Amino acid sequence: MTVVRLPRAGFAGSLSDRLASIVIRGSAFLAILSLVLIFIFIGKEALPILTSQEVQKEASLSTLFFPQPAKPGARPQYMWQPVSEVPKYSVLPLFVSTLKVTVIAVFFAIPLAVAAALYTAEFAHPWVREVVKPAIELLAGIPSVVIGFFCLMVLAGWLQQVFGWTYRLNAVTAGLGLSLAVIPIVYTVAEDAFSSVPQTFREGSLAMGASSWQTAWRVVLPAAMPGVLAACVLGFGRAIGETMIVLMASGNAAILSLSPVDSIRTFSATIAAELGEVVVGSAHYHVLFFLGAALFVLTFLLNLFGHWWVGRLQKKLQGAS
Amino acid sequence: MPGALIVVTLIVSGCGGGSGTGAKAVTVKGSDTMVILGQRWAETYMGEHPGTRIQVTGGGSGTGIAALINGGTDICEASRPMKDREKEQVRSRHGKDVKEIPVALDGVAVYINESSPIQSLSEPQIKGIYTGKITNWRDLGGKDQKIVAYSRENNSGTYVFFKEHVLGNEDFAREIQTLPGTAAVANAVAKDPASIGYGGIAYATGIRAIAVKRDENSEAVHPSLETVRNGQYPLSRSLFFYTIGEPDGEVKAFVDWVLGPEGQKICEAVGYYPLVRK
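Residues numbered from 1 in each chain as written. Chains lettered and ligands numbered in written order. Predicted model: local features only at pLDDT ≥ 70, side-chain atom pairs only at ≥ 80, totals over all residues. Heavy atoms only, no water.

Considering the overall build of chain A
Of regular secondary structure, chain A possesses 14 helices and four strands. With the C-alpha coordinates of chain A rotated into their principal frame, the extents come out at 75 × 60 × 35 Å. The contacts of chain A with a sequence gap of at least 6 include a subset with a gap of at least 24, amounting to 69%. As presented, chain A carries roughly 17000 Å² of accessible surface, and 71% of it is formed by carbon and sulfur atoms. (Helix = DSSP H or I, 4+ residues; strand = E, 2+ residues; numbered from the N terminus. Contact = heavy atoms within 4.5 Å. Areas by Shrake-Rupley, 256 points an atom, 1.4 Å probe, with all protein chains shown as cover.)

Here you go:
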C-alpha cells in the first residue's frame, strides 16, 4: 500500500480549500455524533429495566436472564411471552436464536464469498471478472424483504422437500437467506483486498516456480488476510442485525434449542414485530429497547474485536516482510 | 388486556382554515382491534363533514370502558360486551343507562392445508394444539404427522382475540411459529401439509377453512357471512360502540353514519363483517 502524505489542513492555502475541509470534517463528526446520540437514546429507553421499580415488577434483569414459571407452581422455563397474564421476557432464547442464524449465515457466506473473490481476483479471465464482479455486487441491491419473501415462498418449500424437516421455516432457511445478503458485502471487500496485493508478490512467487494455485493460496491469501478478515467482520455484523429476512423466513418461535432445524426468533425480528404497537413506557417497551441496546453492544464489541485482530495481523505481516 | 396495545391518536382538523374553533371534538376510545376501523370511519366521516372533529385512540376495550365510566370519552369502542358491573358503574356515576350499539362483526377462521383429511375441529382441540398439549395429527384423526401451528404476531388484534376466545387467555406454546400478517400465515399453511393457522377469512388457494365445533358434542359450523351473522360460528364476536345514554348531537350523527350503508361498507373494506341490515 502506498501512503500519500497530504498537507495538513491548517496549512491549506485558499479559502475554498479551508471551507471544504471544514465541511468534510463536520460531516465526519456529524456521523459520529448521530451514532452517539442513537446509542444514548436507546440506552435511555432501556435504562428503566435497571432503575424503575414499576418496570421491574414485570421485567428485571433476573427475569430477563433466568427461567420463569409459566404459572405459579409450574416448572421454570425460558420463555418469550410478552402478551400474557404474566408477561415473560426471557432474553436467552432470542440470544441463542440470533447467534444460531448468524453463524449459519456466515458459515455458508464466508467460504463462498472469499472463494469467489479469490477466483475473480486471481484466476478469472478479465472479461469473466467484468461480468461476475458486478453481478455479485448487484445482489447487495436486492431489498432484504424480497430475499425474505423468496425464502418464505420458494426456498423453504424446496428445503423441506429435500430434507423432510418438520418445520419449513427454521434457522437454516433463514440462515441461507441471510447468506444471500452477506455474500456481496464479504465478496466486495475481500475482492478489493486481493486486488490490492502488490503484483510483485505474485511475480516473485511465480518466478520461484510456484503454480498459480500455490501463489493464490500461499501468497496472495495470507497477504490479503487483514482485508479478508475485515470483510468477515462486516458480514457478521450485517447478518446479526438483518431483520426482514429473519422475520419472514425463520418462523419466529422463541424456542431455546441448538438444533438448526428448529424455528427461531431473533432480537431484530422481535423488535421489528413488536415495537410498532407496544404501549410507550410499558415494561414491554423498555425490554424491546434493552434488546436493541444489547444488539448494539454486541455489534460494537464484535467490530472492536475485528479491528483489533486485523490490526494485529497487519503488524505481524509487516514485521515478516 | 395487557400488551399489544395500540395508542394511535388521530387528530385531523376539518380543512385547515379556521375550522373547529368552537366545535368540540368527538372522542372515540377503546379496543385495539377496532382502532383501524374507527380511524377509517373517522377519516371518511370528517372528509364528508368538514367542521366535525373525531379523535380515535386505542388502548384496549378495558381502557375504553374505564374512560367511558370516568367521562373521558364520548364513545367507547369495545370488542367484548360490557359487564353488568361496569354498566352499573356508569348508571351510578352518570345517572343514565349505557347504550350498547353493535357496529360490526368479526370472525376468525382456522385453516389447514387442502390435502389434510381433517374436516372439523372443536374449540378444545384447537386450544390443545395452540397450547402444545396436542402435537400430532394422529390424535385428531389425521395422519401420523407432527402438527406445525402458525400464529399471528402478538401485536395483532386477531392474536388477542384468539388468545382470549380459544385459549381462554392461556399462553401459546413456545413451538408456535408467528408470522407477520394473515397473508403470510395463509401462504405458509398452503405450503405445508401438516400445518394449521388462523386469521381473517381469506380466500387463498391451497388452504381450507375448517368447520369449528363449540365442544365435542355440538355441530360443526363452517365460517361464512351467514354463520358469523347469526352467531352459530363459534369464533365470531360483535364489535360495539358504547355511549352514556342515547347519543345526541354530533355523536348521534356519527353513530348513525357508521350504521348506515357507507359506514358498513368501510367495515367490509377493513376486513370485518357488516351488520345485518334490518
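Picking up where we left off.
Regarding the sheet that holds strand S8 (residues 177-179) of chain B
Two pairing modes exist for strands in a sheet, parallel and antiparallel, and in both the strands are linked by backbone hydrogen bonds. All names here are of chain B. On the basis of which strands lie adjacent, the open sheet formed by five strands has the order S8-S7-S9-S5-S10 and mixed pairing. Only two strands of the sheet have a single neighbouring strand rather than two, namely S8 and strand S10 (207-209). With strand direction ignored, the average angle separating the axes of adjacent strands in the sheet is 30 degrees. Bridge analysis of strand S5 (residues 109-113) against strand S9 (residues 195-199) gives four bridges, and the strand direction is antiparallel. By the bridge assignment, Ala-109 is partnered in S9 with Gly-199. Packing against the sheet, helix H6 (residues 182-191) makes contact with S5, strand S7 (148-152), S8, S9 and S10, and its axis sits at approximately 35 degrees to S5. (Pairing = 2+ DSSP bridges. Axes fitted to C-alpha atoms, helices over the stretch in contact; angles between N-to-C directions.)

Section: the interface of chain A and chain B
Contacts between the two partners involve 32 residues from chain A, matched on the other side by 30 residues from chain B. Summing both partners gives a buried area of about 2800 Å² for chain A against chain B, and 50% of it is carried by carbon and sulfur. For the pair chain A and chain B, the interface holds two salt bridges. As a salt-bridge pair, B:Glu153 and A:Arg265 come within 3.0 Å of each other at their nearest N and O atoms. Along the contact surface separating chain A from chain B lie eight residue pairs in polar contact (both at pLDDT 80 or more). If you list the elements that add at least two residues to the side of chain A that touches chain B, you get helix H7 (144-163), helix H12 (244-249) and helix H13 (267-274) of chain A. For the side of chain A that touches chain B, the element with the highest residue contribution is H7(A), accounting for three residues. Among the residues making up the side of chain A that touches chain B, the classes are represented as 17 nonpolar, eight polar and seven charged. (Buried area = accessible area lost by both parts, 1.4 Å probe. Salt bridge = Lys/Arg side-chain N within 4 Å of Asp/Glu carboxyl O. Polar contact = N/O pair within 3.5 Å; in protein donor to acceptor, adjacent residues only side chain to side chain. Nonpolar A, V, L, I, M, F, W, Y, C, P; charged D, E, K, R; others polar.)

As for the nonpolar core
Ranked by internal contacts, the top residues of the largest apolar core, which has 51 residues, are B:Ile129, B:Tyr130, B:Phe162 and B:Ile196. Broken down by secondary-structure element, the contributors of at least two residues to this core are H7 of chain A together with S5, helix H4 (123-131), S7, helix H5 (157-165), H6 and S9 of chain B. When residues of this core are assigned to their parent elements, the largest contribution, five residues, is made by H6(B). For B:Tyr130, the contacting residues outside a window of four places in its chain are B:Ala149, B:Tyr150, B:Ser151, B:Phe162, B:Leu167, B:Asp171, B:Phe172, B:Ala173, B:Ile176, B:Ile196, B:Gly197 and B:Tyr198. Core analysis: the next-biggest nonpolar cluster, separate from the first, contains 43 residues, A:Ile110, A:Leu155, A:Ala239 and A:Ala273 among them. (Core = buried A, V, L, I, M, F, W, Y, C linked by side-chain atoms within 4.5 Å. Buried < 20%, exposed > 50% of the residue type's maximum accessible area, 1.4 Å probe, protein only.)

Digging into the sheet that holds strand S1 (residues 26-30) of chain B
All names here are of chain B. Within the open sheet, the five strands sit side by side as S2-S1-S3-S12-S4. Their pairing is mixed. Each edge of the sheet is formed by a strand with only one pairing partner; in this case those strands are strand S2 (54-57) and strand S4 (98-107). In this sheet, adjacent strand axes meet at a mean angle of 20 degrees when their direction is disregarded. Of the strand pairs in this sheet, S4 and strand S12 (residues 236-244) are connected by nine bridges, and their pairing is antiparallel. Looking at the pairing, Glu-100 lines up with Tyr-242 of S12. Of the strands in this sheet, S1, strand S3 (75-78), S4 and S12 are in contact with helix H2 (residues 61-69), which crosses S3 at around 155 degrees.

Considerations on the domain arrangement of chain A
All names here are of chain A. Domain boundaries assigned for chain A yield domain 1 (15-46) and domain 2 (89-320). Centre-to-centre, using C-alpha coordinates, domain 1 lies 28 Å away from domain 2. Contact residues are listed per partner, giving seven residues for domain 1 and eight residues for domain 2. Across the domain 1 to domain 2 interface the summed buried area is about 670 Å²; carbon plus sulfur atoms make up 80%. Sorting the residues of domain 1 by area buried against domain 2 places Phe-39, Ile-42 and Glu-45 first, and these three jointly supply 66% of that buried surface. Applying the counting rule to domain 1 against domain 2 returns two residue pairs in polar contact (both at pLDDT 80 or more). Looking at the side of domain 1 that touches domain 2 residue by residue, the class counts come to six nonpolar, no polar and one charged. (Domains from an automatic or database assignment.)

Overview of the side chain of A:Glu242
Residues and elements named next belong to chain A. Position of Glu-242 among the secondary structure elements: in the loop between helix H11 (225-241) and H12. Judged by its relative accessible area of 8%, Glu-242 is buried. Of the polar contacts made by the side chain of Glu-242, one reaches the side chain of Ser-144; its length is 3.2 Å. A polar contact is formed between the side chain of Glu-242 and the backbone nitrogen of Ile-245, at a distance of 3.4 Å. In this structure Glu-242 touches Ser-144, Leu-178 and Ser-268, once residues within four positions along its chain are discounted.

So, the confidence of the model for chain B
Residue and element names in this part refer to chain B. Overall, the predicted model of chain B reaches an average pLDDT of 82, with 88% of residues at or above 70. Mean pLDDT across the elements of chain B ranges from a minimum in helix H7 (residues 225-229), with 81, to a maximum in H4, with 93. Within the model, pLDDT remains below 50 along residues 1-22, and this stretch shows 50 contacts once partners closer than five positions in the same chain are excluded. What the predictor reports for the complex is a pTM of 0.76 with an ipTM of 0.78. (pLDDT = per-residue confidence, 0-100.)

Remarks on empty space enclosed by the protein
For the structure on display, the rule yields three cavities of 30 Å³ or more. For the largest cavity, the calculated volume is near 180 Å³. Along the walls of the largest cavity sit 16 residues, with A:Trp80, A:Gln81, A:Arg265, B:Tyr159 and B:Thr178 positioned nearest its centre. Its residues assigned to classes, the lining of the largest cavity shows eight nonpolar, five polar and three charged. (1 Å grid on protein atoms, 1.4 Å probe; cavity = no way out; pocket = protein on both sides within 12 Å on 5 of 7 lines; lining within 4 Å. Points joined across faces, edges and corners; volume = space filled by probe spheres on them.)

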